[in-house]
Amino acid sequence: MALTLYTNPMSRGRIARWMLEEIGAAYETVVLGYDTTMKAEAYRAINPMAKVPALVHNGKTITECAAICAYLAETFPDAELAPRDEERADYYRWLFYAAGPVESAITNRSLGVVTTDAQQRMVGYGSFDAVVDVLERAISAHPYIAGDRFTAADVYVGSQILFGLQFGYLPKRDAFAAYAARLIERPAYKRAGELDDALIAAAA
């Protein structure tokens, strides 16, 4: 099969699976264990970081969830998830904002890391509160992150918000809740969740 997703159902691989379900292409799933097959040499040959997800398409490997979302949107244009000309600036701005400042700020918050005033000049995201405020304004400007239409950037930005709300790493603000509510009604989001939840149940 041309598309293979290497993942674990309790990982960021859920983002890649959602994106795959959005494009509607057939794909194979390879489930890896954190302390076993994910660390094995066979998988390190695919992703030397020994992290998931990784996507292999026609022999080429794509890692990093934001990159996977952008790649699939461009490679499968019939899904109409890549940006149109008028969406392009916001699409790339907020896709990589979520992959950089948002991801870093939420990860540090979850680990109990708080930047001092002096350290905020050294870290790309500055402060957690600033990141959250900017993210809130971004998703409040339009129904979706790049405008009035759902794009691949919403898969990644939305996943960061959904995870942040689920695990309590983001404050419960009305704008986040409204944006999340739009996303979880998407059929592809529901299918992806059902597939991963079934894998979790089967392993229990």
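Residues numbered from 1 in each chain as written. Predicted model: local features only at pLDDT ≥ 70, side-chain atom pairs only at ≥ 80, totals over all residues. Heavy atoms only, no water.

Trainee: Could you give an account of the overall build of the protein, naming the residues involved and the relevant values?
Mentor: Secondary structure assignment for the protein yields eight helices and four strands. The helix and strand sequence of the protein, counted from the amino end, reads β-α-β-α-β-β-α-α-α-α-α-α. For 204 residues, the compact-globule estimate of 2.2 N^0.38 gives 17 Å, and the protein sits close to it at 17 Å. The principal-axis extent of the C-alpha atoms belonging to the protein is close to 45 × 35 × 30 Å. Residue burial in the protein is summarised as follows: out of 204 residues, 45% are buried. Of the contacts made within the protein by residues no fewer than 6 positions apart, 64% connect residues no fewer than 24 positions apart. (Helix = DSSP H or I, 4+ residues; strand = E, 2+ residues; numbered from the N terminus. Rg over C-alpha atoms; globule rule 2.2 N^0.38 Å. Buried < 20%, exposed > 50% of the residue type's maximum accessible area, 1.4 Å probe, protein only. Contact = heavy atoms within 4.5 Å.)

Trainee: Outline unusual backbone geometry, supporting the account with residue identities and numerical values.
Mentor: As a rule of thumb, non-glycine residues mostly have phi less than zero, and peptide bonds are mostly trans rather than cis. Note the cis peptide between Val52 and Pro53, where omega equals 5°. Looking at the secondary structure, you find Pro53 in the loop between α2 (41-44) and β3 (54-57). Phi at Asn58 takes a positive value of approximately 50°, unusual for a residue other than glycine. With respect to the helices and strands, the residue Asn58 is situated in the loop between β3 and β4 (60-63).

Trainee: Give a description of the environment of Gly193 that names residues and reports values.
Mentor: Tracing the backbone shows Gly193 in helix α8 (residues 187-203). In sequence terms Gly193 and Arg17 are 176 residues apart; their C-alpha atoms lie 8.5 Å from each other.

Trainee: Explain the sheet that holds strand β1 (residues 3-7) to me, using residue names and the numbers behind them.
Mentor: The sheet built from four strands is open, its strands ordered β2-β1-β3-β4 with mixed pairing. The open sheet has two edge strands, β2 (28-31) and β4, and neither has a second partner. With direction set aside, neighbouring strand axes in the sheet form an average angle of 20°. In the packing of helix α1 (residues 13-23) onto the sheet, the strands contacted are β1, β2 and β3, and the crossing angle to β1 comes to about 155°. (Pairing = 2+ DSSP bridges. Axes fitted to C-alpha atoms, helices over the stretch in contact; angles between N-to-C directions.)

Trainee: Give me the packing of helix α4 (residues 88-110) against helix α5 (residues 128-140): which residues, what numbers.
Mentor: Following both chains from N to C, one finds α4 and α5 inclined at 140°, their axes separated by 10 Å at the closest point. Between α4 and α5 the crossing geometry is left-handed. Residues Trp94, Tyr97, Pro101, Val102, Ala105, Ile106 and Arg109 of α4 lie in contact with α5, whose contacting residues are Phe128, Asp129, Ala130, Val131, Val134, Leu135 and Ala138. Counted by class, the contact of α4 with α5 contains twelve nonpolar, no polar and two charged residues. (Left-handed = near helix turned anticlockwise from the far one by under 90°. Nonpolar A, V, L, I, M, F, W, Y, C, P; charged D, E, K, R; others polar.)

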